[in-house]
Amino acid sequence: MYKVFVNEKKLLVSKHPEHLEKELRYESFTTLEIALDILENTSVKELNVFGENIEEIWKEFENLFRIIEAAGGLVSNPKGELLFIKRLGKWDLPKGKMEKGESREESAVREIEEETGLKDVELVQFINTTYHIYIERNGEKILKCTHWFEMNFDGEDTSKPQIEEGITEVAWKNTAQIEDEVFPSTFQNIKLIVKDFWNLKLK
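None of these values were measured; they are calculated from a predicted model.

Caption draft 1: Quick peek at the side chain of Glu-150. For Glu-150, the location among the structural elements is in strand E10 (residues 141–152). Overall, Glu-150 belongs to the buried group, its relative accessible area being 3%. Among all residues touching Glu-150, those that are not within four sequence positions of it are Leu-74, Glu-122, Leu-123, Val-124, Gln-125, Ile-127, Phe-197, Leu-200 and Lys-201.

Structure, rendered in structure tokens:
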């Protein structure tokens, strides 16, 4: 199953119907174009495209876009707080585009260090990949795939925002603060990955 966010609306690609607001059985490449058109141009907030061969459907979907890969981290401190950044008035997690020749892990650690000023974060494990779509100024459609990792930090807190990247704040947030402050002012894929992380910790 793949979850993609289109203008903060959810597109679910799955094998079986997931009983969302709107469902489309995959017939051909055109089904995907119709699905995107509905999410971009109507009031529908969630849509499910389903079909038996999910990997084939996903490859067809990827062909509609230029793909950009990014990596980031959910960094915990000994108090169990998570590290967030504030950019353009919204709470976000530190992440960024992968550079040529970098592994996902190397990219995630580098982005944490650059965007938050923290050094020596410990990479624990891969959590999941989130997907969202946006359109460049030239009209090109981008599918951004962000690979997320669990990380720990137990050193001297040298955190400071990377102002030149538009980051205005770096802050540790506990669970209650995430629910009350972060979730009302963040993106759907950030909520999704935080909840994936919480579920992972409950196992």
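Caption draft 2: Spatial organisation of the packing of aromatic side chains. Within this structure, the stated rule accounts for eight aromatic pairs. When the ring of Tyr-2 is compared with that of Trp-58, the centres are 4.0 Å apart and the planes differ by 5°; the resulting orientation is stacked. One end of the pair, Tyr-2, is in strand E1 (residues 2–6); the other, Trp-58, is in helix H2 (residues 54–62), and 56 residues separate them in sequence. The two residues Tyr-2 and Trp-58 agree in class, both being buried. Aromatic pair Phe-183 and Trp-198: ring centres 5.8 Å apart, planes at 50°, arrangement tilted. Remark: Trp-198 occurs in helix H5 (residues 188–202) and Phe-183 occurs in the loop between helix H4 (175–182) and H5; sequence separation between them is 15 residues.

Caption draft 3: Broad picture of the pattern of salt bridges. Inspection of the entire model under this criterion finds 11 salt bridges. For the salt bridge of Glu-136 with Arg-66, the shortest nitrogen-to-oxygen distance reads 3.6 Å. Of this pair, Glu-136 sits in the loop between strand E9 (122–135) and E10 while Arg-66 sits in strand E5 (residues 66–76), and the two are 70 residues apart along the sequence. Residue Glu-136 is classed as partly exposed on the basis of its relative accessible area, which comes to 27%. For Arg-66, a relative accessible area of 37% puts it in the partly exposed group. Glu-99 is the partner of Arg-110 in a salt bridge, and the nearest nitrogen-oxygen pair spans 3.6 Å. Pair noted here: Arg-110 is in helix H3 (residues 104–116) and Glu-99 is in the loop between strand E8 (95–97) and H3, with a separation of 11 residues, a long-range link. You can call Arg-110 buried: its relative accessible area is 15%. The class of Glu-99 is partly exposed, set by a relative accessible area of 45%.

Rules and cut-offs
Residues numbered from 1 in each chain as written. Predicted model: local features only at pLDDT ≥ 70, side-chain atom pairs only at ≥ 80, totals over all residues. Heavy atoms only, no water. Helix = DSSP H or I, 4+ residues; strand = E, 2+ residues; numbered from the N terminus. Buried < 20%, exposed > 50% of the residue type's maximum accessible area, 1.4 Å probe, protein only. Contact = heavy atoms within 4.5 Å. Phe/Tyr/Trp six-rings, centres within 6.5 Å; stacked < 30°, edge-to-face > 60°. Salt bridge = Lys/Arg side-chain N within 4 Å of Asp/Glu carboxyl O.

Limitation: the analysis is restricted to geometry and does not speak to function.
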